[in-house]
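Descriptive analysis of the structure
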Amino acid sequence: MRYAETGFNLEIDLSRGNIEKVATDPGDTELYLGGLGTNAKLIWDRVPPEVDAFSPENLLIFGAGLLCGTPATGCNRTILSTISPQTGLMAFSMMGGFWAPELKYAGYDKVVLRGKSPELVYLWIHDDKVELRDASHLAGKGSIETAELIKQELNEPKAQVAAIGLAGENRVYYASIEQGRSSASRGGIGAVMGDKGLKAIVVRGTKDLSVAKPADYMELCNEVLAYIKHREDNPIPGVMPILAGLGSPQEMKVHDEKWHTENFMWGNSRERRRDFWNEEIEKEWTETLEKARTRLISCFNCPMKCGATISMPGLPTYMMKCFTKLTYTMGAYSDLDFGLRIAQKATEYGLDGFSAPQVMAFALELLENGILTRDDFPGLPDDNEGRFYYLLDMIVKREGIGDLLAKGTYWAAREIGNGAEAYAHNNIKKTEQLPLKLSMLNPIYFLMYATGEKMNITQIEGQFPQAPFATREEREAFVSDWIQVPDEKFKQILLDWEFRGENSMPFYPTVDMCCDIVDWQEKMHYIDDALGQCAGLSSFPLKPPYHIHNYPKFISAGAGIEMDEEKLSQAAKRYRTLVRAINIRRGMRRKDEKPPENHWKKRFPELEEQLLDSYYKLKGWNNDGIPTRQSLEELSLDYVSDDFLKRGILTEDENASAEETVEA
Ligand code: SF4
């Protein structure tokens with residue numbers, strides 16, 4: 001008997017229209033848990049490095065996390081994995097909402113797609129009935145519009161729909177998959193879905209899902225709910241409001257945008273406007289949001305209400321959450337009204353709200369600086385807002401210059417040439433990042449930016465405060481109920497951390513301490529991504545209800561797998577290493593592990609090298625970032641080390657062959 005998971009995947013060959021229900025190996029769950037962990041195993045086993053994003057052999061996996069669909073609060077993530085067209089590396093993007101629990105209730109843990117459909121189709125999963133249906137009438141339709149049309153034609157108002165818009169159909173490298181209450185945005189996952197000729201996956205499930213020890217499990221769930229209440233009643237003092245509570249960033253609840261608008265960069269990550277925020281703007285933006293926000297909404301089984309439905313006059317309603325609230329506004333140097341309006345169109349098109357505005361601002365910067373000319377933009381309006389709408393259409397339809405811009409700043413700059421590469425300055429591993437430019441190097445963030453493989457810095461940070469507290473009293477108060485630490489040493493690091501003097505950035509926390517902090521933070525994110533837990537209740541906020549001490553109990557009582565902290569840490573390390581191995585096999589090396597060039601003004605090259613050296617060592621990777629044979633064998637990843645030896649990536653004496661590169 002399988003608990004928490006169903007024990008079955010759906011395997012869909014889109015080229016042949018073949019559908020299979022496949023029993024999975026419970027041994028893989030022990031080793032890799034579920035969600036991201038077992039997705040990574042499938043990608044390793046079945047997608048060799050010669051396969052690119054738009055090859056029929058590339059897989060697109062919709063994986064529900066191991067505990068999704070159980071009563072664990074906030075456990076609702078679908079983890080989508082494939083090879084990214086933007087990076088050529090493994091992309092994994094998380095989607096909240098209701099889709100993953102619905103898939104479990106239909107009787108499946110994953111949908112694994114391969115091949116390409118000759119015609120546009122959608123997949124309809126209704127418990128045991130699974131079929132591919134014609135979607136030619138949905139070609140070019142918006143993602144939300146598509147969901148509504150499908151639910152009507154199936155007469156299934158409760159079905160959950162994950163759909164692409166025109167951007168995905170046209171293989172824009174930063175196309176998203178939208179799902180009404182959430183989206184999988186990073187890594188160009190929507191472009192792969194479009195390339196496969198798949199417009200949507202629709203799920204309706206009515207089966208039960210068992211947990212191993214229901215009474216114990218409910219007790220754990222109730223403890224989490226009680227902690228959420230406690231945290232709500234007792235926000236953490238002395239930190240930014242965004243870090244004081246729980247949930248993913250509660251952008252749809254706040255009106256004070258002083259911090260974001262004055263600290264994040266405007267345009268294509270171009271400039272900081274330190275005196276931007278004033279009373280007049282606050283009043284205007286508050287009115288805009290109050291009018292637009294029809295209600296706050298949550299994902300499946302969660303009280304946090306991080307998202308909101310947005311209804312701008314004259315436009316259809318859509319869902320927004322998090323920082324997309326400001327990305328278009330700031331990219332175009334405009335106001336909130338514009339940002340919320342264009343985001344409606346971009347959501348229907350199905351675009352990543354991080355990358356798309358930066359690419360558009362990048363194009364306008366190239367025009368301003370004479371690298372592109374007016375001839376490249378026939379019919380371009382004169383005003384900035386009009387230009388953004390113009391570029392949005394050009395990119396999504398892949399018309400004219402939009403065809404290049406659809407590949408993102410990194411690839412577009414290379415193809416445009418003429419100095420354009422200097423303007424693609426906010427990338428890590430070829431993907432646009434948060435538009436931030438800061439003063440002095442933060443060694444913890446340096447490591448996260450450089451070595452992270454999630455394509456989004458906000459999905460790696462979390463457990464350790466971003467800055468020291470000003471006074472000893474504040475620090476003592478913070479550590480007094482810090483139950484989440486995996487080791488008491490983290491309390492001492494925080495207690496000794498000062499703003500100035502010997503124990504301050506960039507040399508304190510020390511190199512070893514930074515490595516331990518980043519390892520802890522990353523581990524928690526990877527555990528969330530295997531269990532399907534929203535980071536907003538676990539790895540992202542300070543002092544969350546889920547942590548390394550109660551997670552093993554959830555897995556034991558939920559999935560019936562005997563688990564303790566050490567075994568869980570080892571499992572997370574195993575599939576985290578496997579993700580790295582997939583990318584190493586695709587050519588990623590140390591030289592690719594760097595933050596955007598001017599992310600920090602004051603850099604410390606020697607320290608940065610030491611940080612990488614020590615972190616690699618801690619992770620069991622050699623000096624080029626390649627997992628060593630010994631570490632692979634300790635993690636029961638012998639098949640990876642055999643493959644590395646065969647390919648010459650590792651040699652018998654473990655010296656890396658560093659010849660391969662990720663450069664195209
Ligand atoms: S914390 Fe927010 S984003 Fe996370 S599951 Fe709850 S409502 Fe969704």
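Reading the values: the criteria
Residues numbered from 1 in each chain as written. Predicted model: local features only at pLDDT ≥ 70, side-chain atom pairs only at ≥ 80, totals over all residues. Heavy atoms only, no water. Helix = DSSP H or I, 4+ residues; strand = E, 2+ residues; numbered from the N terminus. Rg over C-alpha atoms; globule rule 2.2 N^0.38 Å. Buried < 20%, exposed > 50% of the residue type's maximum accessible area, 1.4 Å probe, protein only. Contact = heavy atoms within 4.5 Å. Lys, Arg positive; Asp, Glu negative; His and termini not counted. Charge placed at Lys NZ, Arg CZ, Asp CG, Glu CD. pLDDT = per-residue confidence, 0-100. Pairing = 2+ DSSP bridges. Axes fitted to C-alpha atoms, helices over the stretch in contact; angles between N-to-C directions. Disulfide = S-S within 2.5 Å. Salt bridge = Lys/Arg side-chain N within 4 Å of Asp/Glu carboxyl O. Phe/Tyr/Trp six-rings, centres within 6.5 Å; stacked < 30°, edge-to-face > 60°. Polar contact = N/O pair within 3.5 Å; in protein donor to acceptor, adjacent residues only side chain to side chain. Parallel < 35°, antiparallel > 145°, perpendicular 65-115°, else oblique. Left-handed = near helix turned anticlockwise from the far one by under 90°. Nonpolar A, V, L, I, M, F, W, Y, C, P; charged D, E, K, R; others polar. Expected span 1.5 Å × (residues − 1). Core = buried A, V, L, I, M, F, W, Y, C linked by side-chain atoms within 4.5 Å.

1. Examining the overall build of the chain
Tallying secondary structure elements over the chain gives 25 helices and 19 strands in all. Against the globule reference of 26 Å for 664 residues, the chain gives a C-alpha radius of gyration of 24 Å, in line with a compact fold. Each principal axis of the C-alpha distribution contributes one length, and for the chain these read about 65 × 60 × 55 Å. Across the 664 residues that make up the chain, the buried fraction comes to 63%. Pairs at least 24 apart in sequence give 69% of the contacts found in the chain among residues at least 6 apart. The positive charge centre, built from 77 side chains, and the negative charge centre, built from 100, are 2 Å apart in the chain.

2. Comments concerning helix H21 (residues 551-559)
Residues three or four positions apart in an α-helix share a direction because the helix packs 3.6 residues into each turn. Within H21, eight of the nine residues are buried, which leaves the element mostly enclosed by the surrounding structure. Lining the buried residues of H21 we find helix H7 (214-233), helix H20 (511-531) and helix H22 (565-585).

3. As for the confidence of the model for the chain
Across the chain, pLDDT averages 95, with 98% of residues at or above 70. Low confidence marks residues 656-664, where pLDDT is under 50. Its contacts with residues over four positions away, or in another chain, come to 29 contacts.

4. Looking at the sheet that holds strand S1 (residues 8-13)
The mixed open sheet is built from six strands, whose spatial order is S2-S1-S6-S3-S4-S5. For this open sheet the edge positions go to strand S2 (18-23) and strand S5 (90-95), each flanked by a neighbour on one side alone. Adjacent strand axes in the sheet meet at a mean angle of 15° when their direction is disregarded. With five bridges connecting them, S1 and strand S6 (residues 110-114) associate as parallel partners. Bridge assignment links Leu10 to a residue of S6, and that residue is Val111. Across the face of the sheet, helix H2 (residues 36-46) comes into contact with S1, strand S3 (60-64), strand S4 (78-83), S5 and S6 while running at roughly 20° to S4.

5. Thoughts on the state of the cysteines
The tally for this structure, following the rule as stated, stands at zero disulfides. Cys75 provides the cysteine sulfur closest to Cys221, a residue in no disulfide bond, and the two sulfurs are 9.2 Å apart. Under the relative-accessibility criterion, Cys221 is labelled buried at 2%.

6. Some thoughts on the pattern of salt bridges
Applying the stated criterion across every chain, the model contains 53 salt bridges. Note that Lys543 and Asp481 form a salt bridge whose closest N and O atoms lie 2.6 Å from each other. With Lys543 in the loop between H20 and H21 and Asp481 in the loop between helix H18 (472-480) and helix H19 (489-496), the pair connects residues that are 62 residues apart, well separated along the chain. Take Lys543: its relative accessible area is 3%, and that puts it in the buried class. Here the residues in one salt-bridge network are Lys429, Glu453, Asp519, Glu522, Arg576, Arg580, Glu593 and Lys619, joined through shared partners.

7. Some details on the sheet that holds strand S14 (residues 307-310)
Ordered in space as S13-S14-S15, the three strands form an open sheet in which the pairing is antiparallel. Sheet topology places strand S13 (293-297) and strand S15 (318-321) at the edges, where each strand pairs with a single neighbour. Ignoring strand direction, the axes of neighbouring strands in this sheet form an average angle of 30°. One ladder, built from four bridges, connects S14 with S15; its direction is antiparallel. Looking across to S15, one finds that Gly307 is bridged to Lys321. Contacts between helix H10 (residues 279-292) and the sheet are confined to S13 and S14, with S13 contributing the most and set at about 70° to the helix.

8. So, the packing of aromatic side chains
One pass over the structure, following the stated rule, counts 31 aromatic pairs. When the ring of Tyr410 is compared with that of Trp411, the centres are 4.8 Å apart and the planes differ by 90°; the resulting orientation is edge-to-face. For Tyr410, a relative accessible area of 15% gives the class buried. Between Tyr616 and Trp621, the aromatic rings sit 5.7 Å apart at their centres with planes inclined by 55°, giving tilted as the arrangement. Comparing Tyr616 with Trp621, the two get one shared label, buried.

9. A look at the side chain of Asp109
Tracing the sequence through the fold places Asp109 in the loop between helix H3 (99-106) and S6. Reaching out from Asp109, the side chain makes a polar contact with the backbone nitrogen of Thr6 at a distance of 2.8 Å. Among residues more than four places away in sequence, those in contact with Asp109 are Glu5, Thr6, Gly7, Phe8, Asn9, Phe62, Gly63, Ala64, Leu103 and Lys104.

10. A closer look at the packing of H2 against H22
Their axes nearest at 9 Å, the elements H2 and H22 cross at an angle of 30°. With respect to H22, the axis of H2 lies roughly parallel. For the crossing formed where H2 meets H22, the hand is left-handed. Listed contacts from H22 to Leu36, Gly37, Ala40, Lys41, Ile43 and Trp44 of H2 are Tyr575, Leu578, Val579, Ala581, Ile582 and Arg585. Partitioning the contact of H2 with H22 into residue classes produces nine nonpolar, one polar and two charged.

11. Things to note about H20
In this model H20 runs 30 Å from its N-terminal to its C-terminal C-alpha over 21 residues, within 8% of the 30 Å that 1.5 Å per residue would give. Across the 21 residues that make up H20, a large majority, 17, are buried.

12. Points about the pairing of S4
Moving residue by residue along a regular strand, the side chains alternate between the two faces of the sheet. The element S4 is extensively covered by neighbouring structure, given that six of its six residues are classed as buried. The two faces of S4 match: Thr78, Leu80 and Thr82 on one face and Ile79, Ser81 and Ile83 on the other face are all buried. Of the strand pairs in this sheet, S3 and S4 are connected by four bridges, and their pairing is antiparallel. Paired with Phe62 across the two strands is Leu80, which belongs to S4. Pairing between S4 and S5: six bridges, direction antiparallel.

13. A few points about the nonpolar core
The biggest cluster of nonpolar side chains holds 208 residues, and the ones touching the most others in it are Phe62, Val111, Ile125 and Ile201. With 11 residues, the top contributor of residues to this core is H20. If near-sequence neighbours (up to four positions away) are discounted, Ile201 is found in contact with Phe62, Trp99, Val111, Leu113, Leu123, Ile125, Gln160, Val161, Ala162 and Met193.

14. Brief notes about the packing of helix H11 (residues 324-331) against helix H12 (residues 336-349)
H12 packs onto H11 with a crossing angle of 110° between their chain directions and a minimal axis gap of 8 Å. The angle between the axes of H11 and H12 places the two elements in the roughly perpendicular class. Between H11 and H12, the residues in contact are Lys325, Leu326, Tyr328 and Thr329 and Leu336, Phe338, Gly339, Ile342, Ala343 and Ala346, respectively. Of the residues contributing to the contact of H11 with H12, the split by class is seven nonpolar, two polar and one charged.

15. Things to note about unusual backbone geometry
Omega for the peptide link from Met505 to Pro506 comes to 5°, which places this bond in the cis form. The topology assignment puts Pro506 in the loop between H19 and H20. Cis geometry is found at the peptide bond from Tyr508 to Pro509, where omega equals -5°. With a phi angle near 50°, Ser269 is a residue other than glycine that sits in the positive phi range. Relative to the helices and strands, Ser269 resides in the loop between helix H9 (258-263) and H10.

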